2 protein chains.
Amino acid sequence: MSIENAIERLEAMLGPRLSTAAAIREHHGRNETYYPVTPPDAVAFPETTEEVAAIVRLCAEERCPIVPWGVGTSLEGHALAFEGGLSLDMSRMDRILEVHEADMDAVVQPGVTRKRLNEELRATGLFFPVDPGADATLGGMAATRASGTNAVRYGTMRENVLALEAVLADGRVIRAGTRARKSSSGYDLKNLIVGSEGTLAVITELTVRLHGQPEAVSAATCAFETVGGAVNACIETIQSGIPVARIEFLDAASIAAFNDYAGFDLPVRPHLFLEFHGSEAGVAEQAARFGEIADEHGAQGFRWTSDAQERNRLWSARHNAYFAFKAQRPGARALTTDVCVPISRLAEAIEAAAADIAQSRLSGSILGHVGDGNFHVAYLLDPDSPEDLEEARRLTHRMNLNALALGGTVTGEHGVGRGKIPYMAAEHGEAWQVMAQIKRTLDPLNILNPGKVVQIN
Amino acid sequence: MSIENAIERLEAMLGPRLSTAAAIREHHGRNETYYPVTPPDAVAFPETTEEVAAIVRLCAEERCPIVPWGVGTSLEGHALAFEGGLSLDMSRMDRILEVHEADMDAVVQPGVTRKRLNEELRATGLFFPVDPGADATLGGMAATRASGTNAVRYGTMRENVLALEAVLADGRVIRAGTRARKSSSGYDLKNLIVGSEGTLAVITELTVRLHGQPEAVSAATCAFETVGGAVNACIETIQSGIPVARIEFLDAASIAAFNDYAGFDLPVRPHLFLEFHGSEAGVAEQAARFGEIADEHGAQGFRWTSDAQERNRLWSARHNAYFAFKAQRPGARALTTDVCVPISRLAEAIEAAAADIAQSRLSGSILGHVGDGNFHVAYLLDPDSPEDLEEARRLTHRMNLNALALGGTVTGEHGVGRGKIPYMAAEHGEAWQVMAQIKRTLDPLNILNPGKVVQIN
Ligand SMILES: Cc1cc2nc3c(=O)[nH]c(=O)nc-3n(C[C@H](O)[C@H](O)[C@H](O)COP(=O)(O)OP(=O)(O)OC[C@H]3O[C@@H](n4cnc5c(N)ncnc54)[C@H](O)[C@@H]3O)c2cc1C
Ligand SMILES: Cc1cc2nc3c(=O)[nH]c(=O)nc-3n(C[C@H](O)[C@H](O)[C@H](O)COP(=O)(O)OP(=O)(O)OC[C@H]3O[C@@H](n4cnc5c(N)ncnc54)[C@H](O)[C@@H]3O)c2cc1C
């Protein structure tokens, strides 16, 4: 009963689809975070649900940890095998199984990425809205309850996963949810697994909700005099019920990086980036109403576009904002935060973060999906400086505590992984122990992604 | 260790707020279903969370079943103490604790009813959308994952409960969720408790999402030549992305009852009732688009109104449709079904139900929240005829199996209670056992609403 045994037996089962090659292991130990490269002992590439179930059963017998792997873009060490064991790379389960145009849903394997799904959907007039900055897998996105720029209008993975198939820690295969839009049929296991970060089950299939391409779309960038002006314009837009499809905040530092990296020439000031979806008339009306609000909050001028190519250029640059900021200092690492607060407290939360950045010797930028009250600070760190990491951690800690004090959460969309564990007791109190009880029940041997989300002893 | 002991000790704890009076027990054994009156051994009326926790701890010591009670309008025997014990009547915990207008949420105790919440909100320009036909409590609605006519646009209790406080079976008090609009912070305990029908926890506080009163509202009734015409017009409306706020189907039998009961004079044909929310221009545009679709499906004429009083009269009559149908035969009982299917299969499902009614000697009517694929058949039964009940059960059974065959669920909104237990294995397979595992973990003594949702032995 050991990890070594497990690997030997997995090799016999999977042949070349079980790898212990250094390069492959290292790839599955890399991450866009402050954690050092942490390679697993081996990497498996299953192709079917049955194979996943067999791997899980074998690993249970051998007490070998299993860490599911999408494309490894999670930001709190979620997909790293800190306790060794197997990285379960889902990338070969990447088929789009069914697209039900009439029902506006699709059945996909977990290794499909969000961009590929949308490419395949293009001809149907439908799209899948959830769009983290990275081109993540649907399985990874479901596992982290991901969201993105569209969530303010279209919801997160919670709302956009209708059903799933998953392998439990003892190898049982279950289905949770149906293609019907509503159900009151028992406990909501679908939403228990969405957001469980590979600690309760390996997701092997997803039924996701699709949405109709809007008849008309227009996008805008709008500069503001101050951070407060931009944030308050956002708050008022949400409160007045304008159904914006996207409303993103970027501070001046983000805009500077964005200009350099993507060749834009926006005024280096706090901005809102917006998108409106609807009928021609509806979009014009939304934009006009937003314009009035923005003017009252010191808007410095809009740029509008309804040209699809320009819009795509804007949003793909927005999705790369993290890399743009990192590119400001070649060789730097970034550490990114992820709080979410009730919208009425958003200005306070962002202004506190801005004051912290101003007083710190680190350079930091603020941006976020502010329509939901969710924002990030990215700090640039010298990878060889423990002092930089220490300082970034100190500021992140302040920001997380502030979010909790304002009635919010320490993670709006990135998830807990290992990095947010120290805040779980403060955020959830006794409920965190209930999460651990559920983990112990469904994974008594603690083999599925141990050390993440909950603490088991 | 007995129910008797529990009652004695509860009397000492609660004084007059613990009742064993026959009338009160009987009231808490009554139900709008096919179950006979089933009084609990006693009824407790707690006033605080601490009191609920103390009651639960005491009942755990005495192994006394606890069945939470809202107003008892659930339709599958959910709130009945089939195994004896205590009915925990939440009606005294009926305060609206906070209304956060800027964040569009409210914090309420579970005994608040949906109508009272909306009365209190009127001045704010906000409203709470979930509207089961009955004036249910928010606690009961959360516990059954209820929905109603507005769910097609505004979601069910799943989407409209942001956070909750609950007492677990061992008396621990937990909070799940926050007032922030998004979070990826750990397992979704909020949604595990929503829909758990009092079997995992007693909900003692809810934070619910509010929505802005739309600028413009218009409602319509639209008659069709055939059932298929009405249903297909609904399907196409949903597929074309018109953001209807309500779209309800009523068959000719429902309309006849509706006319008699509420003094309307609608043509006795299948109907859609609709409501559009938006700006003045948006509402007109939606209505025009719907009108085109309806015409293609044999619409027989519309009646429009944007007058608030007429609208309220229409919807309050719609909410009473069940009572209207029952009133068609004084003294009759009704048995009501509740399936939900993918929208593309809705016409099939409804036509199969209509054929079953046509071939049966029972009178039945069909109506439902068809925008979500959810509909009900109500059968009228002679309360003294076991044959009537048998026949209604036979037809319900066919309908439930058909819903599963079409990829749907046996309960779109009413929940499982005791009545839908026989379908749980067929709908969920192994996942139903996982639900039971969670129940055993959180309620090892099986004292919270035993015999509902899951089966424990
Ligand atoms: C530049 C950049 C921008 C980002 N922007 C956003 C954003 O806007 N919004 C957002 O939400 N996130 C964002 N992220 C974070 C990241 O993209 C998301 O967390 C994403 O959901 C991770 O998907 P992945 O496929 O990379 O999963 P991985 O990182 O490989 O895995 C994430 C977690 O899910 C588990 N997992 C993966 N697949 C499965 C499966 N099939 N079954 C069970 N568990 C599984 C893993 O074990 C791990 O715990 C960003 C990241 C980067 C680098
Ligand atoms: C005429 C009519 C029309 C209806 N229309 C609809 C409809 O359109 N949509 C719909 O969804 N339903 C509908 N229903 C069903 C019913 O109204 C809902 O199920 C409602 O949610 C029940 O609320 P209640 O307060 O009556 O709860 P109860 O019937 O008292 O209890 C329901 C369940 O919740 C539990 N419970 C109650 N309070 C709590 C608490 N605080 N904590 C934990 N558990 C609790 C109970 O133990 C029980 O299991 C209708 C019913 C009738 C009679």
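On a predicted model such as this, the values are computed, not experimentally measured, just so you know. (Residues numbered from 1 in each chain as written. Chains lettered and ligands numbered in written order. Predicted model: local features only at pLDDT ≥ 70, side-chain atom pairs only at ≥ 80, totals over all residues. Heavy atoms only, no water.)

### Quick notes on the overall build of chain A
Move 1: Counting its secondary structure elements, chain A contains 17 helices and 19 strands.
Move 2: On C-alpha atoms alone, chain A measures out to a radius of gyration of 22 Å, which is about the 23 Å that the 2.2 N^0.38 rule sets for 457 residues.
Move 3: Expressed as lengths along the three principal axes of its C-alpha atoms, the size of chain A is roughly 65 × 55 × 40 Å.
Move 4: Among the 457 residues that make up chain A, the fraction classed as buried is 64%.
Move 5: Summarising the internal contacts of chain A: among those between residues at least 6 apart in sequence, 70% fall at separations of at least 24.
Move 6: By element, 48% of the accessible surface of chain A is carried by carbon and sulfur atoms, the whole surface being about 15,800 Å².
Move 7: Taken together, the 42 basic and 59 acidic charged side chains of chain A have centroids lying 2 Å from each other. (Helix = DSSP H or I, 4+ residues; strand = E, 2+ residues; numbered from the N terminus. Rg over C-alpha atoms; globule rule 2.2 N^0.38 Å. Buried < 20%, exposed > 50% of the residue type's maximum accessible area, 1.4 Å probe, protein only. Contact = heavy atoms within 4.5 Å. Areas by Shrake-Rupley, 256 points an atom, 1.4 Å probe, with all protein chains shown as cover. Lys, Arg positive; Asp, Glu negative; His and termini not counted. Charge placed at Lys NZ, Arg CZ, Asp CG, Glu CD.)

### Some remarks on the sheet that holds strand 3 (residues 66–69) of chain A
Residues and elements named next belong to chain A.
Move 1: Taken in spatial order, the four strands line up as 1-2-4-3 in an open sheet, and their pairing is mixed. Looking along the sheet, the strands with just one partner apiece sit at the ends: strand 1 (18–19) and strand 3.
Move 2: The sheet contacts of helix 3 (residues 49–62) involve strand 2 (42–44), strand 3 and strand 4 (86–89), and relative to strand 4 the element is tilted by about 170 degrees. (Pairing = 2+ DSSP bridges. Axes fitted to C-alpha atoms, helices over the stretch in contact; angles between N-to-C directions.)

### Focus on the interface of chain B and chain A
Move 1: Facing 71 residues of chain B, the contacting portion of chain A comprises 71 residues.
Move 2: Roughly 5,700 Å² is buried in total at the junction of chain B and chain A, and carbon and sulfur atoms are behind 54% of that figure.
Move 3: When the buried area of chain B at its contact with chain A is split by residue, B:Lys182, B:Ser184 and B:Tyr187 rank highest and sum to 17% of it.
Move 4: Here chain B is connected to chain A by eight salt bridges.
Move 5: Of the charged contacts in the structure, one is a salt bridge between A:Arg158 and B:Asp188, with a shortest N-O distance of 2.8 Å.
Move 6: Where chain B touches chain A, the interface holds 43 residue pairs in polar contact (both at pLDDT 80 or more).
Move 7: Taken together, the elements giving at least two residues each to the side of chain B that touches chain A come down to strand 9 (173–176), helix 8 (189–193), helix 9 (227–239), helix 11 (280–296), helix 16 (421–428) and helix 17 (430–442) of chain B. (Buried area = accessible area lost by both parts, 1.4 Å probe. Salt bridge = Lys/Arg side-chain N within 4 Å of Asp/Glu carboxyl O. Polar contact = N/O pair within 3.5 Å; in protein donor to acceptor, adjacent residues only side chain to side chain.)

### Points about the nonpolar core
Move 1: Counting residues in each nonpolar core, the largest one holds 88 residues, and the members touching the most others are A:Phe128, A:Met157, B:Phe128 and B:Met157.
Move 2: B:Phe128 has contacts with B:Leu117, B:Asn118, B:Leu121, B:Leu138, B:Met141, B:Met157, B:Asn160, B:Val208, B:Arg209 and B:Leu210, leaving out every residue within four places of it along the chain. (Core = buried A, V, L, I, M, F, W, Y, C linked by side-chain atoms within 4.5 Å.)

### Details of the packing of aromatic side chains
Within a pair of aromatic rings, the relevant descriptors are the distance that separates the centres and the angle that separates the planes.
Residues and elements named next belong to chain A.
Move 1: Within the structure shown, the criterion is met by 22 aromatic pairs over all chains.
Move 2: Geometrically, the ring pair formed by Phe127 and Tyr154 is edge-to-face, given 5.3 Å between the ring centres and 85 degrees between the ring planes. One end of the pair, Phe127, is in strand 7 (residues 126–127); the other, Tyr154, is in helix 6 (residues 151–154), and 27 residues separate them in sequence. Each member of the pair, Phe127 as well as Tyr154, is classed as buried.
Move 3: Seen from their ring centres, Phe258 and Phe273 are 5.2 Å apart, and the 65 degrees between their planes marks the pair as edge-to-face. (Phe/Tyr/Trp six-rings, centres within 6.5 Å; stacked < 30°, edge-to-face > 60°.)

### Focus on the sheet that holds strand 5 (residues 96–100) of chain B
Residues and elements named next belong to chain B.
Move 1: Read across the sheet, five strands follow the order 5-6-10-8-9 without closing on themselves; strand pairing throughout is antiparallel. The strands lining the two open edges of the sheet, one partner per strand, are strand 5 and strand 9. Between one strand axis and the next, the sheet turns through 15 degrees on average, direction left out of account.
Move 2: Direction of pairing for strand 5 relative to strand 6 (residues 105–108): antiparallel, over a ladder of four bridges. Bridge pairing in strand 6 places His100 opposite Asp105.
Move 3: Against the sheet, helix 4 (residues 114–121) contacts strand 5, strand 6 and strand 10 (201–209), and its axis sits at roughly 50 degrees relative to strand 5.

### Re the side chain of A:Glu62
Move 1: With respect to the helices and strands, A:Glu62 occurs in helix 3.
Move 2: With near-sequence residues (within four places) excluded, A:Glu62 lies in contact with A:Met1, A:Ser2, A:Ile3, A:Asn5, A:Ala6 and A:Arg9.

### A short note on the relation of the copies chain B and chain A
Move 1: Laying chain B over chain A is done by rotating through 180 degrees and shifting 0.0 Å along the axis; what remains is an RMSD of 0.0 Å. The transformation just described matches what one would write down for a two-fold rotation axis.
Move 2: The fraction of interface residues of chain B whose copies in chain A are also interface residues reaches 100%, indicating that both copies meet through the same surface. (Least-squares fit on C-alpha atoms with pLDDT ≥ 70 in both.)

### Quick notes on helix 9 (residues 227–239) of chain A
Residue and element names in this part refer to chain A.
Move 1: Taking 1.5 Å per residue, 13 residues should reach 18 Å; helix 9 reaches 18 Å between its end C-alpha atoms and fits that length.
Move 2: On the buried face of helix 9, the contacting elements are helix 6, strand 12 (216–224), strand 13 (246–250), strand 14 (271–278), helix 11 (280–296) and helix 14 (346–359).
Move 3: Of the residues one or two after helix 9, Gly241 is the one with positive phi, at around 80 degrees. (Expected span 1.5 Å × (residues − 1).)

### Re the site of ligand 1
All names here are of chain A.
Move 1: Near ligand 1 you find 36 residues, and of these Pro68, Gly70, Thr73, Ser74 and Thr137 are the closest.
Move 2: The separation between an oxygen atom of ligand 1 and a polar side-chain atom of Thr144 is 2.9 Å.
Move 3: Residue Asn449 places a side-chain N or O atom 3.2 Å away from an oxygen atom belonging to ligand 1.
Move 4: For ligand 1, whose free accessible area comes to 980 Å², the fraction covered by protein is 97%.
Move 5: Those elements that provide at least two residues to the shell around ligand 1 are strand 3, helix 5 (138–144), strand 10 (201–209) and helix 13 (321–327). (Near = heavy atom within 4 Å.)

### Some points on the packing of helix 16 (residues 421–428) of chain A against helix 17 (residues 430–442) of chain A
Residue and element names in this part refer to chain A.
Move 1: One can describe the packing of helix 16 onto helix 17 by two numbers: an axis separation of 6 Å at closest approach and a directional angle of 120 degrees. Accordingly, the angle class assigned to the pair helix 16 and helix 17 is oblique. Packed against helix 16, whose contacting residues are Ile421, Met424, Ala425 and His428, the element helix 17 presents Glu430, Ala431, Trp432 and Met435 at the interface.
Move 2: A class-by-class count of the residues in the contact of helix 16 with helix 17 yields six nonpolar, one polar and one charged. (Parallel < 35°, antiparallel > 145°, perpendicular 65-115°, else oblique. Nonpolar A, V, L, I, M, F, W, Y, C, P; charged D, E, K, R; others polar.)

### Some remarks on the domain arrangement of chain A
All names here are of chain A.
Move 1: Segmenting chain A into domains produces domain 1 (3–89), domain 2 (96–212), domain 3 (216–322), domain 4 (329–405) and domain 5 (420–457).
Move 2: Opposite the 13 residues of domain 1 that make contact, domain 2 presents 17 residues.
Move 3: Buried surface at the junction of domain 1 and domain 2, both sides included, amounts to about 1,100 Å², of which 72% is carbon and sulfur.
Move 4: On the domain 1 side of the interface with domain 2, the three residues burying the most area are Thr49, Val56 and His78, jointly 37% of the side's total.
Move 5: Taken together, the links from domain 1 to domain 2 amount to zero salt bridges.
Move 6: Remark: the boundary between domain 1 and domain 2 carries one residue pair in polar contact (both at pLDDT 80 or more). (Domains from an automatic or database assignment.)

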